[in-house]
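Read off the chains here:
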Amino acid sequence: MQILIGAVLGVGLGLYFHELGAQSQLVQEGVYAASLVGTLFIDLLKMVLIPLVFCSISVGIANLRQHQQMHRVWVTTLVFFVSSMAIAIVLALLAGNYFKPGAGLHLAMFDHAMQNFQAKQLPLPEFFAQFLHGLFVNPFMALSQGNVLAVVSFALILGIALVMGGNRYKSILALLEEGLAITMQIVGWIMRIAPLGIMALLIQLVAVQDAAMLSTLAKFVAVVVGTTLLHGVVILPLILYLFTGNKPLWFWQGAREALVTAFATSSSSATLPVSLRCATQHLKVKPAIAGFVIPLGATINMDGTALYEAAAALFIANLVGIELSMAQQLIVFFTAMIAAMGAPGIPSAGMVTMVMVLQSVGLPAEAIAILLPIDRLLDTLRTTVNVEGDMVGSLVVQKLVTRST
Ligand code: ASP
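Only a predicted model underlies this, so the values are computations on that prediction, with no experimental measurement involved. (Residues numbered from 1 in each chain as written. Predicted model: local features only at pLDDT ≥ 70, side-chain atom pairs only at ≥ 80, totals over all residues. Heavy atoms only, no water.)

## Regarding the nonpolar core
Point 1. With 79 residues, the main nonpolar core has Ile-198, Phe-251, Phe-292 and Met-391 as its most contacted residues.
Point 2. The greatest single-element share of this core, amounting to 15 residues, is contributed by helix 2 (residues 25-66).
Point 3. Residue contacts for Ile-198: discarding those within four places in its chain leaves Ile-3, Ala-7, Phe-41, Val-260, Thr-261 and Ala-264.
Point 4. One finds Ala-86, Met-302, Ala-312 and Ala-336 within the second-largest nonpolar core, a separate group that totals 50 residues. (Core = buried A, V, L, I, M, F, W, Y, C linked by side-chain atoms within 4.5 Å. Buried < 20%, exposed > 50% of the residue type's maximum accessible area, 1.4 Å probe, protein only. Helix = DSSP H or I, 4+ residues; strand = E, 2+ residues; numbered from the N terminus. Contact = heavy atoms within 4.5 Å.)

## Examining the packing of aromatic side chains
Point 1. Per the stated rule, a full pass over the model turns up nine aromatic pairs.
Point 2. The rings of Phe-220, Tyr-308 and Phe-315 are connected pair by pair, giving a single aromatic cluster. (Phe/Tyr/Trp six-rings, centres within 6.5 Å; stacked < 30°, edge-to-face > 60°.)

## Some remarks on the site of the ligand
Point 1. Residues in contact with the ligand amount to 15 residues; listed here are only the nearest, Ser-268, Thr-305, Gly-350, Arg-382 and Asn-386.
Point 2. Within the side chain of Thr-305, a nitrogen or oxygen atom sits 2.6 Å from an oxygen atom of the ligand.
Point 3. The contact in question runs from an oxygen atom of the ligand to an N or O atom on the side chain of Arg-382, over 2.7 Å.
Point 4. Its free accessible area being 270 Å², the ligand has 100% of it covered by the protein chains.
Point 5. Here the shell around the ligand takes four residues from helix 18 (residues 368-403), the largest share from any one element.
Point 6. Its residues placed into classes, the shell around the ligand shows four nonpolar, nine polar and two charged. (Near = heavy atom within 4 Å. Polar contact = N/O pair within 3.5 Å; in protein donor to acceptor, adjacent residues only side chain to side chain. Areas by Shrake-Rupley, 256 points an atom, 1.4 Å probe, with all protein chains shown as cover. Nonpolar A, V, L, I, M, F, W, Y, C, P; charged D, E, K, R; others polar.)

## Regarding the state of the cysteines
In protein chemistry, a disulfide is the covalent bond that joins the sulfur atoms of two cysteines.
Point 1. Under the criterion given, the structure shown has zero disulfides.
Point 2. Sulfur of Cys-55: no disulfide; nearest cysteine sulfur belongs to Cys-278 and is 19 Å away. (Disulfide = S-S within 2.5 Å.)

## A short note on the pattern of salt bridges
Point 1. Under the definition given, this model contains three salt bridges.
Point 2. A salt bridge links Arg-277 to Glu-257; its shortest N-O distance comes to 3.1 Å. Of this pair, Arg-277 sits in helix 13 (residues 268-282) while Glu-257 sits in helix 12 (residues 248-265); the two residues are 20 residues apart in sequence, bridging distant segments of the chain.
Point 3. On the accessibility criterion, Arg-277 (15% relative accessible area) is buried.
Point 4. Exposure remark for Glu-257: the relative accessible area of 17% places this residue in the buried category.
Point 5. Salt-bridge contacts for Asp-375 lead to Arg-382; the nearest nitrogen and oxygen are separated by 3.0 Å. Arg-382 shares its class with Asp-375; the two are buried.
Point 6. One continuous salt-bridge network, built from bridges that share partners, spans Asp-375, Asp-379 and Arg-382. (Salt bridge = Lys/Arg side-chain N within 4 Å of Asp/Glu carboxyl O.)

Take a look at the structure:
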């Protein structure tokens, strides 16, 4: 409840600051104070992130293997991630074809925005090679640099090695288990200041919005927000209900801490400590399953991002007056999925990997300069749905795996 109040107050104050204008002394000081508190909150979450991912995945794998469930959990998790992202992309393509946002606008109108922007080349084969190359890194370097993907893959391997070694490594496993428990305790403390942190982040976000760009792109924004909400409010809860029988309201109640944190931070990674806490403590997912599905999901399962990548590709195609054929839309489908999987869980990461989606069908990558000014705003909702997908995933996987044992 405190977090929700913090969020509402944050948006309210942000709007008030926006009204007053950036010149006002009060606004400058207010935004400065908000940035201090907001950054502190994110820093605290990031502080526990790496030890948490490391311990939770290795312990998760080790405990799953003891129950002979590892293979089934792996497969179910990956199938769930890919299917839910596929549904999200199809929604975006359907809505984009139907509403045609961007038709009626011209690229020339955005010359100013595009002038100072140089898109980096990101061809698919190179992106793939980079992604593969980034998977296996010296673990000490990955841990110290906060490289989540590489920490995830090392922790997976370590988890497997722990069970292969059986009793021989039981003290290392015990150490990791205690590491996990103690980090979760620290997460509990950090959550005490979450209402303030979330309020500060939202004040900052709303106060500095580019309202002019927002209204020019209103139709696109409406299509993206509408489909993202459809996916988050209807499709994911429906999947949850069909597979587990859990009611949406029960889910919202258990997950809201994480959802609001995702909205305010726009970062699945920073939210990970909170999502893990919601899944295990409120939604009662077994730690072994949540400890595996949620951190992996935070790095590769991004429904909101996948949806956005596809929607933006259609929007830019309309803007430059190119009608994408069925085959090209199929390419968008696949590249949007890869781009979403490859995007790290940090603010606006989806914008970087989107270059690849655009290039795959010959659209000008520079056009994302048009979307950059409104991206922080759209990122809030897509990150929330990204995180929601991970938590729904952990419940569905738990149900499917226990049902079949
Ligand atoms: N901000 C998103 C996330 O952390 C990634 C994106 O930019 O789409 O999940």
